[in-house]
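# Residue-level structure breakdown
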Amino acid sequence: MIQKKIVFVCLGNICRSPLAEAIFKEKVKAKMIAHYFEVDSCGTSNYQIGDQPDSRTIANASKHGIYMNHIARQLKKSDLDYFDLIVAMDGKNLQHIVNLAENDTHRNKVLLIRDFDVHAKGADVPDPYYGGEKNFQEVFEILDRSVESFIQNIESSIIRTS
């Protein structure tokens, strides 16, 4: 069985990228296609290594029926070889990933999650860390629709080739 390996990336790996990972896992599970994917998340910084997701992210996800189980880790060069798609939450982290890339094969794996957002194609997912509940809800809504569109974009090619 073909498995697509995907990693979502933000700065600290405690707000946006673990939420994107959890939303993705829940959506592919509901579509009964989870077995086609291996999904993870990480951060470009080393600020939060070993931490659980932010409690506000966990609370917001839970409110929407999304379970989160993740420990923050930092993006490694080996991730560029291992994962098929490296999905950045914003342009700054995308650039950091591209700068880490050693070749075009690596660079061609990197994309921005909001390239799949019909409301703001190519925009950044704002970092809710210094905000309140409203900010965490906004990020959930952005990621929910962007991840759904992302899955629709890759779903047919995954299933067709299996």
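Above this text is the structure in question.
Residues numbered from 1 in each chain as written. Predicted model: local features only at pLDDT ≥ 70, side-chain atom pairs only at ≥ 80, totals over all residues. Heavy atoms only, no water.

## A few points about the packing of aromatic side chains
The condition is simple: The pairing test for Phe, Tyr and Trp rings, Trp by its six-membered ring, is centres within 6.5 Å, and the orientation test on the planes gives stacked under 30 degrees, edge-to-face over 60, and tilted for anything in between. To sort residues, take the accessible area from a 1.4 Å probe on protein chains only and compare it with the maximum for the residue type: under 20% means buried, over 50% means exposed, and anything in between is partly exposed. For a ring to carry a charge above it, either NZ of a lysine or CZ of an arginine must fall within 6 Å of the ring centroid while also lying within 35 degrees of the normal to the ring plane.
Considering all chains together, one arrives at seven aromatic pairs under this definition. Aromatic pair Tyr82 and Phe83: ring centres 5.1 Å apart, planes at 90°, arrangement edge-to-face. Given a relative accessible area of 38%, Tyr82 falls into the partly exposed group. For the ring pair Tyr129 and Tyr130, a centre distance of 4.9 Å and an interplane angle of 90° mean the geometry is edge-to-face. Of the aromatic side chains, those joined through ring pairs into one cluster are Phe8, Phe24, Phe37, Phe116 and Phe150. Between Lys5 and the ring centre of Tyr82, over which it is positioned, the NZ or CZ distance is 4.5 Å. Above the ring of Tyr129, the side-chain terminus of Arg56 is found at 5.4 Å from the ring centroid.

## Things to note about the sheet that holds strand E2 (residues 37-43)
Quick reminder of the rule: One bridge is not enough; two strands pair if DSSP finds at least two bridges between them. In DSSP terms, a helix is any run of H or I states spanning at least four residues, a strand is any run of E spanning at least two, and both are numbered starting from the N terminus. Each axis is a line fitted through C-alpha atoms, and for a helix only the stretch in contact is used; angles between axes span 0 to 180 degrees, taken between their N-to-C directions. Contacts are assigned to residue pairs that have any heavy atoms within 4.5 Å of one another.
The strand order E2-E1-E3-E4 describes an open sheet built from four strands, whose pairing is parallel. Lying at the two open borders of the sheet, with one neighbouring strand each, are E2 and strand E4 (110-112). Pairs of neighbouring strands in the sheet enclose a mean axial angle of 25°, with direction left out of account. Relative to E2, helix H1 (residues 16-30) is tilted by about 170°, and along the sheet it contacts strand E1 (4-10) and E2.

## Remarks on the pattern of salt bridges
Our working definition: Salt bridges are identified by distance alone: a Lys or Arg side-chain nitrogen within 4 Å of an Asp or Glu carboxyl oxygen.
Applying the stated criterion across every chain yields a total of 15 salt bridges. In this structure, the salt-bridge partner of Lys27 is Asp144, at a minimum N-O distance of 3.1 Å. Taken together, the residues span a long stretch of sequence, with Lys27 in helix H1 and Asp144 in helix H6 (residues 133-160) at a distance of 117 residues. Using a relative accessible area of 28% as the deciding quantity, one classes Asp144 as partly exposed.

Fair warning: the whole summary comes from geometry, so function is off the table for now.
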